[in-house]
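Descriptive structure summary
Spelled out, the chains give:
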Amino acid sequence: ARVTAVDVVSSWPEGLAGKLVIDGVAWPFVTRLLGKHWIHSVLAAAAVGTALGVPGEDIVTGLAATEPVRGRLSVVRDGGGVAFIEDWCKGAETSCAPALACLSSVREGRRIAVIGTIADIPGKPSPVYRRVATEALAAADLVFFVGLMSQRVRSVASQSAGRLRMFETLTELFPAIDAELRPGDVVLLKGSQRADHLERLVQHRLGKPVCFRARCGSGKPCFTCRLRKKA
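Residues numbered from 1 in each chain as written. Predicted model: local features only at pLDDT ≥ 70, side-chain atom pairs only at ≥ 80, totals over all residues. Heavy atoms only, no water.

1. Structural notes on the overall build of the protein
Summing up its helical and strand segments, the protein has eight helices and nine strands in all. A compact globule built from 231 residues would reach a C-alpha radius of gyration of about 17 Å, and the protein, at 19 Å, matches this within 12%. Its C-alpha atoms put the protein at 55 × 40 × 35 Å along the principal axes. The burial tally for the protein puts 46% of its 231 residues in the buried class. Within the protein, contacts between residues at least 6 apart in sequence are counted, and of these 56% link residues at least 24 apart. Entry remark: accessible area of the protein is about 11,400 Å², with carbon and sulfur atoms responsible for 56%. Across the protein, 31 positive and 21 negative side-chain charges occur, with their mean positions spaced 7 Å apart. (Helix = DSSP H or I, 4+ residues; strand = E, 2+ residues; numbered from the N terminus. Rg over C-alpha atoms; globule rule 2.2 N^0.38 Å. Buried < 20%, exposed > 50% of the residue type's maximum accessible area, 1.4 Å probe, protein only. Contact = heavy atoms within 4.5 Å. Areas by Shrake-Rupley, 256 points an atom, 1.4 Å probe, with all protein chains shown as cover. Lys, Arg positive; Asp, Glu negative; His and termini not counted. Charge placed at Lys NZ, Arg CZ, Asp CG, Glu CD.)

Laid out in C-alpha cells, this is it:
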C-alpha cells in the first residue's frame, strides 16, 4: 500500500493522531476525531489525496482542520466544566464498543455513560442490552440507561452497587443526572437520534429550550427543530 499509518493513538482529550506513511515518507498527523476506529477514514482521505497528487503536508493540514460530524463522537462543553461526547446520531449495536472505548480513555474526571436505544440487533435484544450494560460499567464510573428498553438491564443493575440506573423517560433522567454532574465529568451520550434524541440533555445543560415529547419520530436533531420551544 502506498498509504499506511503507524504509531496510532487516541486518548481523551486529544484526538486521533499518529504518522501517515505516504510513499515511504512519514508525516505526523493530528485530528479532532475521537477513537482509533477513525483511522480507516483518515487513511481513505489520505489515499484519495495522494492519488490526486495532493502533497503530504497539505493532507495532514486538512486532517487537522476537519471537524467531527455533530452526533458522531463530537464534543460539546456545557460551560460548567462538564464535557459531553455526543454519539447519538446512530445507535447500532456495533457502534457501542468504539464509543465506550473513547470514554474509557478518559484519565481525569469521572466517566459517565448515558445509553438509550440500541439498534440493529441480530436476534433477541435482552442479551445485547445486558452485554452493553456490562461493558459500560467497565468503561464508566456511572451508567444511566434511558428509554422503554432500559428495564432489560435490570439484572446487571442489581449487581452494580448503584452504579447503573434506569429511567424510562428523559423527563425522569434530567433531574437525576443534574444532581450528579460536577465539573470535570465527561459524559458519553450513546443512542439513536430518531428514537431517543439524547442531544436534548446537552440543550438542557446549555439552558436552551427542550421538548419532552417521548416519540416525535423526527429525524432532525433537536437543536434544529422548531418544536423544541413547545413542552
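2. Structural notes on helix 3 (residues 96–104)
All buried positions along helix 3 are accounted for by Cys96, Ala99, Leu100, Cys102 and Leu103. Projected down its long axis, helix 3 carries its buried residues within an arc of 150°, all on one side. Buried positions along helix 3 lie against strand 5 (83–87), strand 6 (111–115), helix 4 (125–139) and strand 9 (186–190). (Arc of directions from axis to C-beta.)

3. Remarks on the side chain of Glu199
Here Glu199 shows up in helix 8 (residues 199–205). Although Glu199 is buried, it makes no salt bridge; Arg200 carries the closest opposite charge, 6.2 Å away. The residues contacting Glu199, other than those within four sequence positions of it, are Glu86, Trp88, Gln193, Lys220, Pro221, Cys222 and Phe223. (Salt bridge = Lys/Arg side-chain N within 4 Å of Asp/Glu carboxyl O.)

4. What to know about the sheet that holds strand 5
In spatial order, the strands read 4-5-9-6-7-8; together these six strands make up an open sheet with mixed pairing. Each having just a single partner strand, strand 4 (74–77) and strand 8 (164–167) make up the two edges of the open sheet. Neighbour-to-neighbour, the strand axes of the sheet open up by a mean angle of 20°, direction not taken into account. Sheet analysis places strand 7 (residues 142–146) next to strand 8, joined by four bridges and oriented parallel. Looking at strand 8, one finds that Val143 is bridged to Leu164. Together, strand 6, strand 7 and strand 8 form the strand contacts of helix 4, whose direction differs from that of strand 7 by roughly 150°. Strand contacts of helix 6 (residues 170–180): strand 6, strand 7 and strand 8, with the helix running at about 165° to strand 7, the strand carrying the most contacts. (Pairing = 2+ DSSP bridges. Axes fitted to C-alpha atoms, helices over the stretch in contact; angles between N-to-C directions.)

5. A few points about the pairing of strand 3 (residues 25–30)
Regular strands place their side chains on alternate faces of the sheet. Direction of pairing for strand 2 (residues 17–22) relative to strand 3: antiparallel, over a ladder of six bridges. Considered in strand 3, the bridge of Ala17 is made with Val30. Where strand 2 folds back onto strand 3 in an antiparallel hairpin, the turn is made up of two residues, including Asp23, whose phi is positive at roughly 50°.

6. Regarding the sheet that holds strand 3
With antiparallel pairing, the three strands of this open sheet are ordered in space as 1-2-3. The open sheet is flanked by strand 1 (3–9) and strand 3, the only strands paired with a single partner. The sheet shows a mean angle of 25° between the axes of neighbouring strands, direction not considered. Note: strand 1 against strand 2, five bridges, orientation antiparallel.

7. A short note on a nonpolar patch on the surface
Taken together, the side chains of Val48, Leu52 and Val54 present a nonpolar region at the surface, about 280 Å² in accessible area. Turning to its location among the elements, Val54 is positioned in the loop between helix 1 (39–51) and helix 2 (56–65). Taking the relative accessible area as the measure of exposure, Val54 reaches 35% and is therefore partly exposed. (Patch = residues over 30% accessible without salt bridge, like charges linked within 9 Å, V, L, I, M, F, W, Y side chains within 5 Å.)

8. Quick look at helix 6
Among the residues of helix 6, those classed as buried are Leu170, Leu173, Phe174, Ala176, Ile177 and Glu180. Those residues of helix 6 that are buried are in contact with strand 6, strand 7, strand 8, helix 7 (193–196) and helix 8.

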